[in-house]
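One-letter residues, chain by chain:
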Amino acid sequence: MMLAARQPKLREDFDLIGALSPDKATTALALIEDAGLKVDLAVREHLLAKNDKGKSPLQTLVASPQCDALVDKLCAEDAAIKAAAVSPEMFLALAKPGTAAAALRLIEKGVEL
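If you're wondering where the values come from, they're calculated on a predicted model, not measured in any experiment.

A. Geometry of the overall build of the protein. Helix and strand counts for the protein stand at 8 helices and 0 strands. Scanning the protein from its N terminus toward the C terminus, one meets helices and strands in the order α-α-α-α-α-α-α-α. Per-residue burial over the protein gives 35% buried out of 113 residues. Contacts in the protein between residues at least 24 apart in sequence constitute 55% of all its contacts with a sequence separation of at least 6. Surface summary for the protein: the accessible area is close to 6,800 Å², and the carbon and sulfur share equals 59%.

As structure tokens, this is what we get:
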């Protein structure tokens, strides 16, 4: 019975997590704003998890200019995501020629160096 009660929530987490990429940023934003899906622990853990190269899905979103609105919404919904998005660690990861524009956006958002 508990599993049945949790299935809709698991489905929502899966839908939102599956949309958290630059090519699906508009969909992810719509799922949060229009469909009312929540940025919960599962979403936070997904965004902050680092791969074997030390890169998180959040870093991919922050690096992509088409994800600005989504990143802003994620930060507004979750303090831990915001802390990671505007951290010195994120700035250092993006302070490279290919992602310099993203690093500048972090400075505009108030990253503390």
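B. Spatial organisation of the pattern of salt bridges. Inspection of every chain in the model, using the stated rule, returns 5 salt bridges. The closest approach of N and O atoms between R105 and D68, which form a salt bridge, is 3.0 Å. Within this pair, whereas R105 is found in helix α8 (residues 100-109), its partner D68 is found in helix α5 (residues 68-77), the two being separated by 37 residues in sequence. Between E77 and K73 there is a salt bridge; the shortest N-O distance is 3.2 Å. Of this pair, E77 and K73 both sit in helix α5, 4 residues apart, which is roughly one turn of the helix.

Definitions and limits used
- Residues numbered from 1 in each chain as written.
- Predicted model: local features only at pLDDT ≥ 70, side-chain atom pairs only at ≥ 80, totals over all residues.
- Heavy atoms only, no water.
- Helix = DSSP H or I, 4+ residues; strand = E, 2+ residues; numbered from the N terminus.
- Buried < 20%, exposed > 50% of the residue type's maximum accessible area, 1.4 Å probe, protein only.
- Contact = heavy atoms within 4.5 Å.
- Areas by Shrake-Rupley, 256 points an atom, 1.4 Å probe, with all protein chains shown as cover.
- Salt bridge = Lys/Arg side-chain N within 4 Å of Asp/Glu carboxyl O.

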